[in-house]
Amino acid sequence: MTYLANMTRRESDPKIISTGRSSLRPADRVVRNLGWFSIALGATEIAFAPRVNATFGLRRSSSLPVIFGLREIMQGVLCLSVEKRVGAWSRVAGDALDIAVLLNALDRRNPKRENVKLALASLVAVAAVDLAVAASLRPARATRPPQNYQNRSGFPQGLETARSQHVQISSQDGSALSIEERRAQQV
Amino acid sequence: MKALVWHGKEDIRYDTVTDPEIQDERDAIIRVTSCAICGSDLHLFHNFIPAMLPGDIMGHESMGEVVETGRGLNGTLKKGDRIVVPFTIICGECEQCRRGNYSVCQRTNRNKSIAEKVFGHTTAGLFGYTHLTGGYPGGQAEYLRVPFADATHIKVPDGLSDEQVLFLSDILPTGWQAVVQCDLEPTDTVAIWGCGPVGQMAIRSAVLLGARHIIAIDCVPERLEMAEAGGATTINFMTESVVERLNELTGGLGPEKCIDAVGTESHVTFSQPDTIYDRAKQMVALESDRAHVLREIIYVCRPAGIISIPGVYGGLVDKIPMGLVMNKGLTIKTGQTHVNRWTDDLLERIDRGEIDPSFVITHSVGLEQGPEMYRVFRDKSDSCVKVLLKP
């Protein structure tokens, strides 16, 4: 990656020698990977819906894989966006929904019960990862109590003095006119 | 040298890179003594501004000491000079520079042909920004090459501290130009959306330029507190209706002058449903900017009023009510800041003690803490308003 980045540099512009620590936290990288995983899984569910139905013993015409596939893709997009916290929590909610549906498919009459059990076991594992990632994606932690900025006027001589010093500046050329001069011009 | 380098969305790294070299006789190299993270750096951090490439050095607010000069500077700069570097690179000679329209300098964008295709015409080269504006390495680094250095600098006296003068590079003239563009009258009410660093500078500029009443809008308590300290009446949009409150404060007439110091990333909240709509579209690349503030301004601005937009927008904005703009006779003024048009005056004001822009600094840390500080600044945590970095 560093090599590719350096290839795009102009000859005399600085090039990367070695790369240091990043603003990305480990959880940010995991959620990004989960985002791509969601999109791939969603696309697979949509593309192979009849096979998914057959694997879990659902009705062949069930549209559940397509609906859940679209949901997975939306979750993936959220995970890859700046709103990745929402994305991570949406994955947790999606996991809960998936588990509920699969529990329903654990019926003794379902000939594919073993497949459902296997899928449930994997889902629980993925849900645990999702939960851990979502919980760790908090905003940057405050290192000090809320600060008081009431004394930060920016005017060393005080606000009232600043108010009394104003002049009018022309937006055309930046030249300065006092309010009185401007009024005289308008007259 | 060490530098903060963009590697992708939300991925800024503290890298070791090769030192910059003189490339042209009008170049100078400075040892950066102070630099800062700007609100528009966050748009790059989030990858909302197109044409960033991995390996780009961040930063367009920096200052330092000249350590090397090209042969073509004709005595304008010499080793040891202390300069602030404006974020816009200017030649000082083209038609636009001669008119003082420095941010649309016709010569300094080294990717001129791409800019002409995308923007219609070229604009000035900018430090540490997209390749549409030249892709120049930025100043969040130990050293910075300053192209066209004979024109692109603000010499500062030794008596003033880095903290006092650094913001001449961007946020102070940006806030100043935003207010000047409003063509203030002594009876005017100015409403300013966004109490980030540019909003804070716009508030102080409005005071110095004689606004009768200044109203500042945000949702971060510490920022609203800072705005009040600067002389503004504040509105917290999370707890009250901006439109109702503005009308109440202006006798139902609306503010004559409105400033959008927010730009492309309006705060997303369920109390402003259009922000959810924009965010969803932005996520799937159907829109590049969240323009809630602009819509609100157009709605609430007094007929025949002026809207000034210093906030950065990246590309395509959806659902802008042009019918209101037209029927209310509103004037919209915007643009990157013509930094050098304002800095002589502003430097004098700082020197005279009329304004001290260092009030906005809430965090001063070493450059090595840059990657973490991007997150702190983005999350507005730790009462963060402005981050100063010391290489």
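Residues numbered from 1 in each chain as written. Chains lettered and ligands numbered in written order. Predicted model: local features only at pLDDT ≥ 70, side-chain atom pairs only at ≥ 80, totals over all residues.

A. Highlighting the interface of chain A and chain B. Listed as interface residues are 53 residues of chain A and, on the opposing side, 60 residues of chain B. Mapped onto the side of chain A that touches chain B, the elements with two or more residues apiece are helix H1 (2-7), strand E1 (16-18), helix H7 (159-164) and strand E2 (168-169) of chain A. Split into classes, the residues belonging to the side of chain A that touches chain B amount to 21 nonpolar, 21 polar and 11 charged. Bridging between E1 of chain A and strand E2 (residues 11-17) of chain B involves 2 bridges; their strand directions are antiparallel. Opposite isoleucine 16 of chain A, over in E2 of chain B, you have valine 17 of chain B as the bridge partner. (Contact = placed C-beta atoms within 7 Å. Helix = DSSP H or I, 4+ residues; strand = E, 2+ residues; numbered from the N terminus. Nonpolar A, V, L, I, M, F, W, Y, C, P; charged D, E, K, R; others polar. Pairing = 2+ DSSP bridges.)

B. Focus on the packing of helix H8 (residues 242-249) of chain B against helix H10 (residues 292-300) of chain B. Residues and elements named next belong to chain B. In contact at an axis separation of 11 Å, H8 and H10 are set at 35° when each is read in the N-to-C sense. For the element pair H8 and H10, the recorded crossing hand is right-handed. On the side of H8, the interface is formed by Val242, Val243 and Leu246, while H10 contributes Glu296, Tyr299 and Val300. Among the residues forming the contact of H8 with H10, the class breakdown is 5 nonpolar, no polar and 1 charged. (Axes fitted to C-alpha atoms, helices over the stretch in contact; angles between N-to-C directions. Left-handed = near helix turned anticlockwise from the far one by under 90°.)

C. Examining the confidence of the model for chain B more closely. For chain B, mean pLDDT is 96; residues scoring 70 or higher make up 100% of the total. In the predicted complex, the global pTM is 0.92; the interface-specific ipTM is 0.92. (pLDDT = per-residue confidence, 0-100.)

D. Representation of the sheet that holds strand E1 (residues 2-8) of chain B in the model. Spatial ordering of the open sheet is given by E1(A)-E2(B)-E1(B)-E4(B), a layout of 4 strands whose pairing is antiparallel. Whereas interior strands pair on both sides, the edge strands pair on one side only; in this sheet they are E1 of chain A together with strand E4 (56-57) of chain B. In the packing of helix H13 (residues 370-379) of chain B onto the sheet, contacts are made with E1 and E2 of chain B, and the angle to E2 of chain B comes to roughly 160°.

E. Molecular detail of the nonpolar core. In terms of nonpolar packing, the biggest core is built from 126 residues, with Ile30, Val179, Ile192, Ala202 and Ile214 of chain B touching the most fellow members. Looking at which domains feed residues into this core, each of domain 1 (2-170 + 337-390) and domain 2 (172-334) of chain B supplies at least three. Formed by 9 residues, the second largest nonpolar core is a distinct cluster that contains Val31, Leu34, Leu80 and Val133 of chain A. (Core = buried A, V, L, I, M, F, W, Y, C linked by C-beta atoms within 7 Å. Buried ≥ 20, exposed ≤ 12 C-beta atoms within 10 Å, placed from the backbone. Domains from an automatic or database assignment.)

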